[in-house]
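Descriptive analysis of the structure
One letter stands for each residue in the lines below.
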Amino acid sequence: MAVILDTSALPARERIEALRSVVVDATAPSTVGLAERLDDGRPVEALVQFWQLGAIQAVRAESSHGLSLTRSPKQVRQGCGPLVSFGLQERNVGRQEQFGLGRAVPMGTLTCTDLTEPYHFSWGGPGAGRALQLPVDEIALPPDVIRRAAPNLLRSPLYELMAVHVAAITRDPGRLSDERVAAGVGRSSIELARALLLSAAGEERHPAAGDTLPTQIRAYIRQHLGDPELGPDSIAAALNISTRRLYSVCAAAEFSVEQWIISQRLDAARADLADPANDHRTVATIARRHGFRDPAHFARRFRAAFGVTPRDWRNIAAGR
């Protein structure tokens, strides 16, 4: 468990700025509103906890004061890692506004917030909330699906399951400190979130647009990592665009398609090497499963990326 901030350890005059800094670091560039003192003159008391669970992040925040987060269009243009947050209001009643819609958020209510878009969230007086933050690239859904689903989570038969999931994971993430367990929790959370969003979004479909292509490219790569022929030409053909268009889209999204294929393959192979369920498989077999024809080439790329050989990583993960 990683405790980012406990204001009881800070002088009263430093607490507000420290809390604002940590909340922004744990979410996205935004404006944090907070009263400096309660009516009785007591300074702010707050606790912010943050954990990494594989590809996802878990956050819990509580405050003795009313708290507000506002992400403006200008702050959106500053950019951040594209994240979707599934929040659970733990104490007090919150208020969420995004995509022109506003609503009260009673205790126990699950919400979805796209952190790459403008939003406002607040609660008045002492309050607490917890959330799972998932990379949009990992969810691999077009922005329009997320936008349709976010205000309509109750449509989904998976709503209650996701609410229980968020509550359980954020209650005591210290139990999930083992790297292999944490990675598995992250993967299962992503799959559950994807199914929740798809079922909440309804049946409406839109043709592929330029702003959804980076997500579609990454999703296609992720689904075909084991294909040794995977490359720009095959991806472009599958998405019915030219290879030149593919490179243009990736450049605009600031990622290299070749490097992203390699990094995703290496990450997937690293996870498989650490999984006890694969102990009967050789390093070469796992390399081939993720599109590496040449075990020696795989070993060189793995060591360059992670600083250890595949075999040494397997021993480290197994505690040997």
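Scroll up for the structure.
Overview of the structure. No experiment lies behind these values; they were computed from the predicted model shown. (Residues numbered from 1 in each chain as written. Predicted model: local features only at pLDDT ≥ 70, side-chain atom pairs only at ≥ 80, totals over all residues. Heavy atoms only, no water.)

**What about the pairing of strand β3 (residues 46–53)?**
- Across the 8 residues that make up β3, a large majority, 7, are buried.
- Here β3 folds back onto strand β4 (residues 56–63), and the loop between the two strands holds 2 residues, one of which, G54, carries a positive phi near 65°. (Buried < 20%, exposed > 50% of the residue type's maximum accessible area, 1.4 Å probe, protein only. Helix = DSSP H or I, 4+ residues; strand = E, 2+ residues; numbered from the N terminus. Pairing = 2+ DSSP bridges.)

**Thoughts on the packing of aromatic side chains**
- In total, this model carries 4 aromatic pairs according to the counting rule given.
- For the ring pair F302 and F306, a centre distance of 4.7 Å and an interplane angle of 65° mean the geometry is edge-to-face. Of this pair, F302 and F306 both sit in helix α12 (residues 295–306), 4 residues apart, roughly one helical turn.
- We classify F306 as partly exposed; its relative accessible area is 27%.
- An aromatic cluster is built from F292, F298, F302 and F306, whose rings are joined through pairwise contacts.
- The ring of F255 carries the charged tip of R218 above its face, separated from the ring centre by 4.1 Å.
- The residue whose ring lies beneath R270 is W313, and the NZ or CZ to ring-centre distance is 4.2 Å. (Phe/Tyr/Trp six-rings, centres within 6.5 Å; stacked < 30°, edge-to-face > 60°. Lys NZ or Arg CZ within 6 Å of the ring centre and 35° of its normal.)

**A closer look at the nonpolar core**
- Residues L53, F86, L110, L134, L153, M162 and L197 are the most contacted members of the largest nonpolar core, which totals 35 residues.
- Counting residues per element, this core draws most heavily on helix α6 (residues 179–201), which supplies 9 residues.
- Here L134 is in contact with I56, P82, L83, V84, F86, I139, S189, I190 and A193, once residues within four sequence places are set aside.
- One finds V32, V48, L115 and Y119 within the second-largest nonpolar core, a separate group that totals 20 residues. (Core = buried A, V, L, I, M, F, W, Y, C linked by side-chain atoms within 4.5 Å. Contact = heavy atoms within 4.5 Å.)

**Regarding unusual backbone geometry**
- Although it is not a glycine, N92 sits at a positive phi angle of roughly 70°.
- Relative to the elements of secondary structure, N92 occurs in the loop between β6 (83–91) and β7 (94–98).
- Owing to a relative accessible area of 24%, N92 belongs among the partly exposed residues under this scheme.

**Overview of the pattern of salt bridges**
- If you walk through the whole model with that rule in mind, you get 10 salt bridges.
- We note a salt bridge from E191 to R194, for which the minimum N-O separation is 2.6 Å. Separated by 3 residues within a single helix, E191 and R194 lie in helix α6, roughly one turn from each other.
- For the salt bridge of E229 with R293, the shortest nitrogen-to-oxygen distance reads 2.3 Å. Remark: R293 occurs in the loop between α11 (283–289) and α12 and E229 occurs in the loop between α7 (213–223) and α8 (232–238); sequence separation between them is 64 residues. As far as burial versus exposure is concerned, E229 and R293 are alike and both exposed. (Salt bridge = Lys/Arg side-chain N within 4 Å of Asp/Glu carboxyl O.)

**Quick word on α12**
- Given a rise of 1.5 Å per residue, 12 residues ought to cover 16 Å, and the 16 Å separating the end C-alpha atoms of α12 matches this to within 8%.
- By the N-cap criterion, in which a side-chain oxygen at the helix start approaches the backbone nitrogen of a residue two or three places on, α12 is capped by D294, the distance to A296 being 3.0 Å.
- The first or second residue beyond α12 is G307, which carries a positive phi of 85°. (Expected span 1.5 Å × (residues − 1). Polar contact = N/O pair within 3.5 Å; in protein donor to acceptor, adjacent residues only side chain to side chain.)

**Brief notes about the environment of P310**
- The residue P310 is located in helix α13 (residues 310–317) in this model.
- For P310, a relative accessible area of 4% gives the class buried.
- Once the C-alpha coordinates of P310 and R300 are considered, the two residues, 10 residues apart in sequence, prove to be 9.1 Å apart.
- Ignoring anything within four residues of it in the chain, the contact list for P310 reads L273, V283, F298, A299 and F302.

**Description of the sheet that holds β7**
- If you trace the 5 strands from one edge of the open sheet to the other, you get β2-β5-β10-β7-β8, paired in antiparallel fashion. Every interior strand has two partners, whereas the edge strands, β2 (31–34) and β8 (101–105), have only one. Shown here is a sheet whose adjacent strand axes are inclined to one another by a mean of 10°, direction ignored.
- As paired strands, β2 and strand β5 (residues 67–71) are joined by 4 bridges and run antiparallel to one another. Bridge pairing links T31 to T70 in β5. (Axes fitted to C-alpha atoms, helices over the stretch in contact; angles between N-to-C directions.)

**Things to note about the pairing of strand β10 (residues 119–123)**
- Counted residue by residue, β10 has 4 buried out of 5 residues, so it is predominantly covered.
- By the bridge criterion, 5 bridges tie β5 to β10 in an arrangement that is antiparallel. Note on β10: the bridge partner recorded for S68 is S122.
- Pairing of β7 with β10 involves 4 bridges; the strand directions are antiparallel. Note on β10: the bridge partner recorded for G94 is W123.

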